[in-house]
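Spelled out from the first residue to the last, the chains are:
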Amino acid sequence: MNIWVAFGVLTVGVIIWFMLIRKLNTKSWERHGSSVHVRSARGDLGEVHVPPARIALWVFLAVITSLFGLFISAYFIRMGHGHGADHGMITDWHSVSKPPILWFNTAMLVLSSVAMQLARNALKSNKRARVNGYLIAGGVFAILFIAGQLIGWRQLHASGYGMTQGPAGAFFYVLTGVHGLHLLGGLIVWLKTVIRMRKREVELIDVRLSIELCTLYWHYLLLVWLVMFTLLLFT
Amino acid sequence: MAYAAIADRDNAHALHDPQSFITKYIWSQDHKVIAIQYTITAIAIGLVALTLSVLMRLQLGFPQSFHLIAPQNYYQYITLHGMIMVIYLLTALFLGGFGNYLIPLMCGARDMVFPYLNMISYWVYLLAVLVLVAGFFVPGGATGAGWTLYPPQAILSGSPGAKWGIVCMLASLAIFIVAFTMGGLNYVTTVLQARCRGMTMMRMPLSVWGIFMATVLGLLAFPALFVSAIMMTLDCLLGTSFFMPAVSSMGQPLGYNGGSPLLFQHLFWFFGHPEVYIVALPAFGIVSDLLSTHARRHIFGYRMMVWAILAIGCLSFVVWAHHMYVSGMNPYFGFFFATTTLIIAVPTALKVYNWVLTLWRGDIHLTVPMLFAIAFIFTFINGGLTGLFLGNVPVDVPLSATYFVVAHFHLVMGVSPILVVFGALYNWYPKMTGRMLNDTLGRIHFWVTFIGTYMIYLPMYYLGILGVPRRYYALDSAIQFIPPSVHTMNEWISVSAMFVAAVQLVFLFNLVWSFFKGKPAGGNPWRSTTLEWQTPDTPPRHGNWGERLPVVYRWAYDYSVPGAREDFIPQNVPPDKLTPVGHAH
């Protein structure tokens, strides 16, 4: 099992990396080729480059794919190969009861992702108020998610599963903790964007990239959470 | 501005020159200053590791003589020496130092694409170094678990620093990884997005290719170390059992149960093997450029070299368990990893052939950088060939944990890359400071280092074949099969090591002295083709290129082109500006 999980991680990493390598033949200084078309209220901005921040975010997603993949890989190995399990001994893995609030949290994170996507869509029609509204909604849902996760931790702890009561509980805290920290990092960027949007002189076009990248990151973290949640539910 | 590509920012003033001393040299966002900060910090912590190795050699060569070195100290020295050299010196110096300095200059960019992130990356790296050093001063001292930090012994009371030293170590590694990720995102994005007009990927100097690929490896492999560091910290501080099996200490059962020490080994080496190439690939790239420049000949098989770098990078992720042959693995598992390990020798050997063929009929100038580059080829072959022995399971098992392994990995990933580091410093110091390093001191430094490392490591192969185990504090009386010659040999190795360590002071003196008194270098002392030598100022000013970005018309290796007036054509010389032979200026 473990080796296949490791290879799964590897494959995902390689695929993402190949998406990058497709860029090897592009000419970064040229205006056509890898370009996106930008329109704004002030008219057509013409073709421009893929902004460096977008590339950097994709590379970063590859990094955290590796990170979460390895955590999940470790999860499987620890579950299946607890000390002595290979030799017919009973493993010490005992499933923990999952706090029901996790379902609520999942709903919050889905709503958060949807709101971010709506903010991104509203960018195209250049409706500032709607962008602002959806953006704030997206962040608030994400904060609710994190708060819900913390409540989940307390509930799990109260039901007798601390860090030291078996590996399943410990992994639960670690996986959700790492995921939550990544979402918190996203919220810092989100907060900066929200503050920038409050300024009069900041045009929608100036925050467009931040919102797009936040949306991408939100979707990615939703995907990670869904994978992890499935894993936690069934093991 | 937000959408303008970096390559189109022709106006240097848009990057507002820093004015005060603090913004210029301390909180600097200039990639060249950050590179030098990285380099100085890495060399400083590297000197600590060098001192530790001298202390270890004192103990091994003269076991009864130094009562200051207790067994637990010896283990702390071993651990910190390994960890510092691999991560805090070599990784940081190649990627943070040379990566930062060379990528924007060689690609024709004004700076990294995220200068602020770049600055933070350095300061977080410095924090990691400080936390690491703090480990020496916490109660119980630094960790003595060996650089692999294998549980369970790493956090059991028998190991030095099992309480706080190991926590400092793990915290420092986690911080380092954060710093590296910030830097790495910059390097990759800069190479992909900020190349100047005409600089296709297939025209990039191999130095940039090596650093680029090493960064990609680092970004994908360091998370494995991060995962293991976090889980081990939790095992240590909160009493979880990720890696810790049920163990008793002094007859008392500890609270751990069911953890898998093997899981740690897999995670550690899933990082650890790519780490070898994180150190080696930049060295491969840089040495290619040194050889080509100082042999006045184009690099042989440029495309092959690029694909070899890519192939090595991919393969390096599927060989990790060859570090674990003696962990009791399934024989088929071992067979698989032995096969992949031997396959990786193919692209590596291709590179060696190409380096030698680059020298073939070249106009070889035995400058100090060239001496180091040629020494690298020798040393890499020596170290690499013994890797074939260790890659095979049946040969590895008896040699495992002997001095054979110590000699192998020191030659292949310690001495070889450090020779390139020296060569590269001699080569690019003139661009960094505007002055040449002293040639005589450089030659003394080279010959003592080169000959000296062989006096140290070749005998270690012999010790290893005799079965002398590594990581032993002392060999006397306890081990019956060790002949007296081993002790003589150990004395010899130790004395050689002192010489090699001492001559590094000559190098340090050279670095400082030449900064003030060195011969002025001019813009392009080695008559190189690559872009960093074509900057309007030496050292390059903030923004690198003055008013206009360079435009590239050719690959990086137009040396001794038939019919050309000079024996090199810089990358930014347009075809219509070439002066044919005999044409007066």
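Each value, and the rule that gives it
- Residues numbered from 1 in each chain as written.
- Chains lettered and ligands numbered in written order.
- Predicted model: local features only at pLDDT ≥ 70, side-chain atom pairs only at ≥ 80, totals over all residues.
- Heavy atoms only, no water.
- Helix = DSSP H or I, 4+ residues; strand = E, 2+ residues; numbered from the N terminus.
- Rg over C-alpha atoms; globule rule 2.2 N^0.38 Å.
- Buried < 20%, exposed > 50% of the residue type's maximum accessible area, 1.4 Å probe, protein only.
- Contact = heavy atoms within 4.5 Å.
- Areas by Shrake-Rupley, 256 points an atom, 1.4 Å probe, with all protein chains shown as cover.
- Salt bridge = Lys/Arg side-chain N within 4 Å of Asp/Glu carboxyl O.
- Axes fitted to C-alpha atoms, helices over the stretch in contact; angles between N-to-C directions.
- Parallel < 35°, antiparallel > 145°, perpendicular 65-115°, else oblique.
- Nonpolar A, V, L, I, M, F, W, Y, C, P; charged D, E, K, R; others polar.
- Core = buried A, V, L, I, M, F, W, Y, C linked by side-chain atoms within 4.5 Å.
- Patch = residues over 30% accessible without salt bridge, like charges linked within 9 Å, V, L, I, M, F, W, Y side chains within 5 Å.
- Left-handed = near helix turned anticlockwise from the far one by under 90°.
- Bend = angle between axes of the 7 residues up to and from the residue.
- Expected span 1.5 Å × (residues − 1).
- Phe/Tyr/Trp six-rings, centres within 6.5 Å; stacked < 30°, edge-to-face > 60°.
- pLDDT = per-residue confidence, 0-100.

Looking at this model, I keep getting lost on the overall build of chain B. Mind explaining?
From N to C terminus, chain B includes 15 helices and 2 strands. Against the 2.2 N^0.38 benchmark of 25 Å for 585 residues, chain B shows a C-alpha radius of gyration of 24 Å, consistent with a compact globule. Structurally, chain B occupies a C-alpha span of about 85 × 50 × 50 Å along its principal axes. Residue burial in chain B is summarised as follows: out of 585 residues, 63% are buried. Of the contacts formed within chain B by residues at least 6 apart in sequence, a portion of 77% connects residues at least 24 apart. Carbon and sulfur atoms make up 69% of the accessible area of chain B, which amounts to about 21,500 Å² in all.

Could you clarify how one ought to interpret the overall build of chain A in this entry?
Within chain A, the regular secondary structure consists of 6 helices and 2 strands. Going from N to C terminus, chain A has its helices and strands arranged as α-β-β-α-α-α-α-α. Within chain A, contacts between residues at least 6 apart in sequence are counted, and of these 76% link residues at least 24 apart. When the accessible surface of chain A is summed, it comes to about 11,200 Å², and 67% of that surface belongs to carbon and sulfur atoms.

Teacher, can you tell me more about the pattern of salt bridges here?
Side chains that differ in charge, positive against negative, can pair when their charged atoms come close. Residue and element names in this part refer to chain B. Tallied over the entire structure, the rule returns 8 salt bridges over all chains. Close ionic contact of R296 with D567 constitutes a salt bridge, the shortest N to O distance being 2.9 Å. Of this pair, R296 sits in the loop between α7 (261-294) and α8 (302-315) while D567 sits in the segment after α15 (484-517), and the two are 271 residues apart along the sequence. Salt bridges sharing partners connect three or more residues here, namely R296, R527, E566 and D567.

Hey, could you run me through the packing of helix α2 (residues 52-80) of chain A against helix α6 (residues 204-234) of chain A in this one?
Packed helix pairs are characterised by how far apart their axes lie and by the angle those axes make with each other. Residue and element names in this part refer to chain A. Viewed as axis vectors pointing N to C, α2 and α6 meet at an angle of 10°, and their least axial separation amounts to 11 Å. Of the possible angle classes, the one that applies to α2 and α6 is roughly parallel. Between α2 and α6, the residues in contact are A53, R54, L57, W58, F60, L61, I64, T65, F68, I72, Y75 and F76 and L209, E212, L213, L216, Y217, Y220, V224, V227, M228, L231 and L232, respectively. In the contact of α2 with α6, the residues fall into 20 nonpolar, 1 polar and 2 charged.

Is there a simple way to explain the nonpolar core in this structure?
Within soluble globular proteins, side chains that are nonpolar generally end up buried alongside one another. Residues Y88, F98, Y125 and W355 of chain B are the most contacted members of the largest nonpolar core, which totals 268 residues. For this core, the leading source of residues is helix α3 (residues 71-107) of chain B, giving 23 residues. A56 of chain A together with V113, F114 and A194 of chain B belong to the second largest nonpolar core, which has 5 residues in total.

How should the side chain of S241 of chain B be read in this particular structure?
Secondary-structure assignment places S241 of chain B in the loop between α6 (206-237) and β1 (248-249). Apart from the residues within four sequence positions on either side, S241 of chain B is in contact with R78 of chain A together with D235, G255, Y256, N257 and G259 of chain B.

So what exactly am I meant to see when it comes to a nonpolar patch on the surface here?
All names here are of chain B. Nonpolar side chains collect at one region of the surface, where F300, M304, V346, L350, Y353, L357 and W360 lie side by side and expose about 680 Å² of accessible area between them. Counting through the fold element by element, L350 comes out in helix α10 (residues 345-359). Judged by its relative accessible area of 31%, L350 is partly exposed.

Before we go on, may I ask you to explain the packing of α6 of chain B against α7 of chain B in this structure?
Residue and element names in this part refer to chain B. Here α6 crosses α7 at 160°, and the two axes come no closer than 8 Å. If you check the angle between α6 and α7, you find them roughly antiparallel. Crossing of α6 over α7 shows left-handed handedness. A breakdown of the residues in the contact of α6 with α7 according to their chemical character gives 24 nonpolar, 6 polar and 2 charged.

How do you make sense of the environment of A158 of chain A when you look at a structure like this?
Assignment of secondary structure puts A158 of chain A in helix α4 (residues 128-158). Sequence spacing of A158 of chain A and F234 of chain A is 76 residues, and the spatial spacing of their C-alpha atoms is 21 Å.

Explain helix α13 (residues 403-433) of chain B to me, please; I cannot follow it from the model alone.
Residues and elements named next belong to chain B. Helix geometry: α13 is bent most strongly at H410, by close to 40°. The buried count for α13 comes to 28 of 31 residues, which makes it a mostly enclosed element. Downstream of α13 by one or two residues, G434 has phi in the positive range, about 85°.

When you look at α6 of chain A in this model, what are you seeing that I'm missing?
The periodicity of an α-helix, 3.6 residues per turn, causes residues three or four places apart in sequence to face the same way. The first and last C-alpha atoms of α6 of chain A sit 44 Å apart over 31 residues, in line with the 45 Å expected at 1.5 Å per residue. In terms of residue burial, α6 of chain A counts as a mostly covered element, since 22 of its 31 residues are buried.

Mind showing me how you'd approach the packing of aromatic side chains here?
For any pair of aromatic rings, the description rests on two quantities: the centre-to-centre distance and the angle between the ring planes. Residue and element names in this part refer to chain B. In total, this model carries 61 aromatic pairs over all chains according to the counting rule given. Relative to F380, the ring of F284 lies with its centre 5.1 Å away and its plane at 80°, an arrangement referred to as edge-to-face. Taken as a pair, F284 in helix α7 and F380 in helix α11 (residues 368-391) lie far apart in primary sequence, 96 residues in all.

Help me understand the side chain of N490 of chain B, please; the structure alone is not making it clear to me.
Here N490 of chain B is to be found in helix α15. If we skip the residues at most four places from it in the chain, N490 of chain B touches R57, L60, G61, L463 and L475 of chain B.

It is not clear to me how the confidence of the model for chain B should be interpreted in this structure. Could you clarify?
Caution applies to low-pLDDT regions: their predicted coordinates should not be interpreted in detail. Residues and elements named next belong to chain B. Residues with a pLDDT of 70 or more make up 95% of chain B, whose mean pLDDT is 92. Below pLDDT 50 for its whole length, residues 1-14 participates in 32 contacts with residues either more than four positions away or in separate chains. Both scores are available for the predicted complex, with the pTM at 0.91 and the ipTM at 0.89.

Is there a simple way to explain unusual backbone geometry in this structure?
The phi torsion of most residues other than glycine is negative, and most of the peptide bonds are trans. Residues and elements named next belong to chain B. P152 follows P151 through a cis peptide bond whose omega is 0°. Position of P152 relative to the elements: it lies in the loop between α4 (115-134) and α5 (165-193). Here the amide bond leading from T538 into P539 is cis, since omega sits at -10°, within 30 degrees of zero. On the secondary structure map, P539 appears in the segment after α15. Located in the positive-phi region is R296, a residue other than glycine, with phi close to 50°. Its identity is not glycine, yet S560 carries a phi of approximately 50°, on the positive side. Mapped onto the elements, S560 comes out in the segment after α15.

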